[in-house]
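Understanding the architecture of this molecule
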Amino acid sequence: MAYRSTIRHFTYVFDDLKTLLAKATPYRSGDALAGLTALTYEERIAAQIALADVSLKTFLNEAVISYETDDITRLIIDTHDAKQFAAIAHFTVGDLRDWLLSDDATTTTLQQLAFAFTPEMIAAVCKLMRNQDLIAVAQKCEVVTRFRNTIGLSGCLSTRLQPNHPTDDIKGIAASMVDGLLYGSGDAVIGINPATDSPATVETLLHMLNDVINKFSIPTQSCVLTHITTGLQLIERKAPVDLVFQSIGGTEKTNHSFGVSLKLLDEVFAAIESLPKGTIGNNRMYFETGQGSSLSANAHEGVDQQTCEARAYAVARRYQPHLVNSVVGFIGPEYLYDGKQIIRAALEDHFCGKLLGLPMGVDICYTNHAAADQDDMDTLLTLLGVAGCNFIMGVPGADDIMLNYQSTSFHDALYVRKVLHKKPSPEFEQWLLQQGIMDDEGNRLTIDANHYLLKNI
Amino acid sequence: MDIQKHKPVEDDAWHALKQFTAARIALGRTGHAVPLKELLKFKLAHAHARDAVYARLHVKELTQELQQFNLPVYSLHSKVKDRNEYLLHPDIGRQLNDASVQLLQSRSASFDIVVVLADGLSATAINHHAVPLLQQLIPLLQEAKFSIAITTAQQARVAVGDTIGSLMNAKLSLVLIGERPGLSAADSMGAYLTYNPTVGLTDESRNCISNIRPEGIDYAKAATKIHYLISSSFRLQYSGVTLKDDEQDFLAE
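Residues numbered from 1 in each chain as written. Chains lettered and ligands numbered in written order. Predicted model: local features only at pLDDT ≥ 70, side-chain atom pairs only at ≥ 80, totals over all residues. Heavy atoms only, no water.

It is worth spelling out the overall build of chain B at this point. Counting its regular elements, chain B contains 8 helices and 6 strands. Helices (α) and strands (β) of chain B occur, in sequence order from the N terminus, as α-α-β-α-α-β-α-β-α-β-β-β-α-α. Reported as C-alpha extents along the three principal axes, the dimensions of chain B are approximately 80 × 50 × 35 Å. Put simply, chain B has 253 residues, and 53% of those count as buried. For chain B, the proportion of contacts with a sequence separation of at least 24, taken over those separated by at least 6, is 68%. Surface summary for chain B: the accessible area is close to 12000 Å², and the carbon and sulfur share equals 51%. (Helix = DSSP H or I, 4+ residues; strand = E, 2+ residues; numbered from the N terminus. Buried < 20%, exposed > 50% of the residue type's maximum accessible area, 1.4 Å probe, protein only. Contact = heavy atoms within 4.5 Å. Areas by Shrake-Rupley, 256 points an atom, 1.4 Å probe, with all protein chains shown as cover.)

In C-alpha cells, the structure reads:
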C-alpha cells in the first residue's frame, strides 16, 4: 500500500511501508549507500508527516520483509501480545510519540507493553523523535537482569570489563583485568573478545576468568565472545560458561551470514539448562548488534538500517538475555559517518531496545576512519548516562589494542557515575567497598602495591 | 588545603603489570580523570591514525624505488574522486577508473603474479613498508620462476586486485594495502592473495596476512609466509579459507 503527503501542492508518494520508514529516517551514510534515503530535506519531513498518520495496526498487517521468507518477521508476528496491544491499538505512530512522552507512560506501563510493541512500530516512532525525546522515554524504562549480580536498576550504571589482548596472552589479559577491577569496572560482565576462535584457547580463557571470579569472590559473570557453535561445544565439554555470546542481526539473511539461526539459538538456549545456575538469577545470553550489519552482509532487503537493527531486538528478547550491546560506532563511516550520526544511532538503539524490553548497553565507540573523536564519545556517554543505559564498555585507556578501535575507559565510567550520581550493580558495589577499591560515594580510594588483589592474582 | 603543594595526579601502584600488555593500564588519575600526560599521548596516537587515513600514496617515489626489481610497473587509480567518496563508497574503491583500464588493456602481456600496492586506509603503511617487503619477497618468487608485474593503486580497496588481476590475465593477485589505523600502529600493512582473481570475489576467496610492519610481523617473516601461501596456492590452484596457513609444518619439513 502507498503512503502520501502533500507539501506546497506537491504530493510525495511512498510505495510501501519500508520505503516510508527509510525516507523518514534521519540522514546517515549507510542508508545513502543503500540508496534508501530521502533525496531532499523536504522529502524526509514529508515522509515523517505521512508516517505520523500511520496506524499502529498497519504494522501488524504490512510486513517490511515478508512473513513467508523471513523467520524474524514470523517471530515478530507470532509472539505479538495482542492482549496488551488492545490498549494502544487506536494509536497512530504520531499518537504513540506524544503518549510516550506524556506522564501516562510510566515505567510499569511501558514494561507491560514491551511485547505489544513490534520492532517496526518502535523503529517508526523513533524516527519521529528528537534526541531528547529518545532520552526522556528511555529513562522511564527499567529492564533488570540477574546472574551473580543485578544489572539495570534505575540509578545504576554498569560496565563490561573488556581486557582484550592481540594474541590472547593470559598474563596480558589478566593485567588489563586487574587494572579494570581496581578502577571499579566489570559488574556487567568480564568479557574477552578472543583473537582466535579456537575452542582450546577460548576454554583456557574461560577457566582463567572463572578462577579469578571464584578466588576473589567477585559478584560478576564472565564471557568469551566466540561464535555460538563454539559456545555450544564448550557447554557440552562442561567448561565454566557463564554467559553465552552471539552477534545477531535483524533479517534472516543477516543471521545466516553470521552462521546463526533461530533454530540454533533455540538449541543453545535449551543447552543452557544443563549449566549451573547463577546465584541470584539466570539471564545467560549476551547479544551484540549494530546498525549497518544487514547492509554489510548484503541482506537488508531494502529496509533501512535502523529498522533492521530494531528487528534484531526481536531475536534478542526471545532468549531473556543478561546483556544486549549495540556496538554502535564499530562498523565504520560508510554506515555511520561521524560523531553526529553515531550519537543519534546510539540513542535510537538504546531507546528501541529498552522499549522492546531489553537490557540495553552501548559500546560507545568509533574507528579511526570515522569523523569522530573522544569528545564525541564524552557527549554520547553523558547522554546515555542520562537515558539510563544499563552498561557501557570499560577498556584500558579507551584503546582496544586487539580490535583496534576506541571505546570508553574505566576512568570514563567513573566520570559518568560521578556526575550523574550513578552506582555500580549493588552486589558489585559491596565487593568494591569490601576490597577498599571505592568508597560509598563512588570515589576511588588510594590502592597500594600490597593490595590483596595485586598480591594474589 | 595548600593548593600550591598538593600534587593532584596519583600514580597507580601496579606499573609492573605493564610488562605483560601494551594496553593503556596503570594510567594513574586526577580525580576520576586520566592525567593530562596520558591524555595527550592518546590524542597524539589518534592524530597519527587520522593523518594516516588522509595520507597520499607517494606514487612518484614508489615508482622510482620499484625500478630496482626490473619488473613492469603501472600506476593505477580507482574510480574514487576523493577521500570522502572513498570512505563513503567502498564499492567505488573496488573499481578502476577508465584511464587505468585502458592502460592495462593496451598491454597484452600476461603474468603469473600481479603485485598491487594499494593505499587502503593507510597510505603511510605502503609508503613505508611495501618496498622493503618486496626486497625480501621478489627474490623468493623469482627463484620459483614466477613472472611478475607491479602496480600502484590510489584510492583503492582490496578487491581492486580482482579487477587488476583479471585485466592483466594474472593467475594470482597479491594486494599489499594499508590497514585501518589503530592507536598502537597507524602503519600496519596487510597482504591479501587471491588465486585466479575475478571481479565479484569476496573475502573467503582470499588469504590474508595482517599487521606487517617492523614491530608486528617483520618483512622477512611476512615474505616467508606470503611465499609459502603463494606456492601452496599455485600447487593447489585455489586460495581462500580452505587454504591453511600451516607454515609451521612447512618450515619443519
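When helices and strands are counted, chain A shows 22 helices and 14 strands. With the C-alpha coordinates aligned to their principal axes, the bounding extent of chain A is approximately 75 × 45 × 45 Å. Taken across its 457 residues, chain A has 64% of its residues classed as buried. Contacts in chain A between residues far apart in sequence, at least 24 positions, make up 76% of those at least 6 positions apart. By element, 51% of the accessible surface of chain A is carried by carbon and sulfur atoms, the whole surface being about 15700 Å². Each charge class in chain A was averaged separately, 36 positive and 54 negative side chains, and the resulting centres sit 3 Å apart. (Lys, Arg positive; Asp, Glu negative; His and termini not counted. Charge placed at Lys NZ, Arg CZ, Asp CG, Glu CD.)

Many structure descriptions define interface size as the accessible area lost when the parts assemble. Taken together, the 47 residues of chain A in the interface contact 36 residues of chain B. Regarding the contact of chain A and chain B, the summed buried area is about 3300 Å², with carbon and sulfur atoms giving 59% of it. Broken down residue by residue, the surface that chain A buries against chain B is led by A:Asn368, A:His369 and A:His411, which jointly contribute 20%. The tally of links from chain A across to chain B stands at 3 salt bridges. (Buried area = accessible area lost by both parts, 1.4 Å probe. Salt bridge = Lys/Arg side-chain N within 4 Å of Asp/Glu carboxyl O.)

What follows covers the UniProt feature "binding site: substrate" (unreviewed entry) in chain A. All names here are of chain A. Using the residue numbers shown here, the UniProt feature "binding site: substrate" (unreviewed entry) corresponds to Arg160, Leu161, Gln162, Asn193, Glu288 and Asp363. Within the structure, the side chain of Arg160 is placed 2.7 Å from the side chain of Asn193, a separation counted as a polar contact. In this structure, Asp363 sits in the loop between β11 (360-362) and α19 (374-387). Not counting residues within four places of it along the chain, the set of residues in contact with Asp363 comprises Gln162, Asn325, Ser326, Val327, Val328, Gly329, Met393, Tyr405 and Ser407. (UniProt positions renumbered as here; feature names shortened; annotations may be inferred. Polar contact = N/O pair within 3.5 Å; in protein donor to acceptor, adjacent residues only side chain to side chain.)

Residue and element names in this part refer to chain A. Taken domain by domain, chain A consists of domain 1 (3-140) and domain 2 (145-452). Between the C-alpha centres of domain 1 and domain 2 the distance comes to 28 Å. On the domain 1 side of the contact with domain 2, Arg28, Ile72 and Ile135 bury the most area, a combined 17% of that side's loss. Taken together, domain 1 and domain 2 are joined by 27 residue pairs in polar contact (both at pLDDT 80 or more). For the side of domain 1 that touches domain 2, the elements supplying multiple residues, two or more each, are α1 (17-23), α2 (29-33), α5 (71-78), α9 (119-127) and α10 (131-140). Ranked by residue count, the leading element in the side of domain 1 that touches domain 2 is α9, at 7 residues. The class makeup of the residues in the side of domain 1 that touches domain 2 is 27 nonpolar, 8 polar and 9 charged. (Domains from an automatic or database assignment. Nonpolar A, V, L, I, M, F, W, Y, C, P; charged D, E, K, R; others polar.)

Residues and elements named next belong to chain A. Grouped together as the largest cluster of nonpolar side chains are 139 residues, with contacts concentrated most on Leu51, Leu265 and Phe351. It is helix α18 (residues 339-355) that provides the largest number of residues to this core, a total of 8 residues. Structurally, this core is a two-domain feature, drawing no fewer than three residues from each of domain 1 (3-140) and domain 2 (145-452). Sequence-distant contacts of Phe351, defined by excluding residues within four places in its chain, comprise Leu100, Ile122, Val125, Cys126, Met129, Leu134, Val137 and Ala138. (Core = buried A, V, L, I, M, F, W, Y, C linked by side-chain atoms within 4.5 Å.)

All names here are of chain A. Following the UniProt record, one finds the feature "binding site: adenosylcob(III)alamin" (unreviewed entry) at Pro194, Gln246, Ser296 and Met402. Mapped onto the elements, Pro194 comes out in the loop between β6 (189-192) and α12 (199-215). With respect to the secondary-structure elements, Ser296 resides in helix α16 (residues 293-296). Given the relative accessible area of 47%, Ser296 is considered partly exposed.

With that settled, consider the packing of helix α17 (residues 305-317) of chain A against α18(A). All names here are of chain A. One way to put it is that α17 packs onto α18 with a least axis distance of 10 Å and a crossing angle of 35 degrees. Where α17 crosses over α18, the two elements pack in a sense that is right-handed. Only Glu348, Asp349, Cys352 and Gly353 of α18 make contact with α17, whose side of the interface consists of Gln306, Glu309 and Tyr313. In terms of residue class, the contact of α17 with α18 is built from 2 nonpolar, 2 polar and 3 charged. (Axes fitted to C-alpha atoms, helices over the stretch in contact; angles between N-to-C directions. Left-handed = near helix turned anticlockwise from the far one by under 90°.)

Our focus in this paragraph is helix α11 (residues 170-182) of chain A. All names here are of chain A. Here α11 spans 18 Å end to end across 13 residues, near enough to the 18 Å set by a 1.5 Å rise per residue. Of all 13 residues making up α11, 11 are buried, and the element is well covered by its neighbours. Of all the positions in α11, only Gly172, Ile173, Ala174, Ala175, Ser176, Met177, Val178, Asp179, Gly180, Leu181 and Leu182 are classed as buried. Buried residues along α11 sit against β5 (158-161), β6, α12, α20 (410-420), α21 (426-434) and α22 (452-456). Capping of α11 at its N-terminal end is provided by Asp169; its side-chain oxygen lies 3.2 Å from the backbone amide nitrogen of Lys171. Following α11 by one or two positions, Gly184 adopts a phi angle in the positive range, close to 80 degrees. (Expected span 1.5 Å × (residues − 1).)

Let's shift gears to a nonpolar patch on the surface. Together, B:Leu36, B:Leu39 and B:Leu40 give the surface a local cluster of nonpolar side chains, amounting to about 290 Å² of exposed area. If you trace the backbone, B:Leu40 turns up in helix α1 (residues 36-54). (Patch = residues over 30% accessible without salt bridge, like charges linked within 9 Å, V, L, I, M, F, W, Y side chains within 5 Å.)

Moving on, we come to the sheet that holds strand β2 (residues 113-118) of chain B. Residues and elements named next belong to chain B. With respect to topology, 6 strands assemble into an open sheet ordered β1-β3-β2-β4-β5-β6, the strand pairing being mixed. Each edge of the open sheet is held by one strand with a lone partner, namely β1 (73-77) and β6 (206-212). Adjacent strand axes in the sheet meet at a mean angle of 20 degrees when their direction is disregarded. Pairing of β1 with strand β3 (residues 148-154), which is carried by 5 bridges, proceeds in the parallel orientation. Directly across from Ser75, in β3, lies its bridge partner Thr152. In the packing of helix α5 (residues 123-143) onto the sheet, the strands contacted are β2, β3, β4 (172-178), β5 (189-195) and β6, and the crossing angle to β4 comes to about 155 degrees. (Pairing = 2+ DSSP bridges.)

Within the secondary structure, B:Asp162 is located in helix α6 (residues 160-167). Among residues more than four places away in sequence, those in contact with B:Asp162 are B:Thr194, B:Pro197, B:Thr198, B:Val199, B:Leu201 and B:Arg206.

A word on the pattern of salt bridges. Summed over the entire model, instances satisfying the criterion amount to 26 salt bridges over all chains. Across the salt bridge formed by A:Arg97 and A:Asp98, the nearest N and O atoms sit 3.0 Å from each other. For A:Arg97, a relative accessible area of 25% puts it in the partly exposed group. The salt bridge partner of A:Arg97 is A:Asp133, with a shortest N-O separation of 2.8 Å. One end of the pair, A:Arg97, is in helix α7 (residues 93-101); the other, A:Asp133, is in helix α10, and 36 residues separate them in sequence. Ionic contacts of the salt-bridge type, sharing partners, join the residues A:Arg444, B:Glu10, B:Asp12 and B:Arg29 into one network.

In this section: the confidence of the model for chain B. Chain-level statistics for chain B give a pLDDT mean of 93 and a share of 95% at 70 or above. Between residues 247-253 of chain B, whose pLDDT stays under 50, and residues either more than four places distant or in other chains, the model counts 5 contacts. (pLDDT = per-residue confidence, 0-100.)

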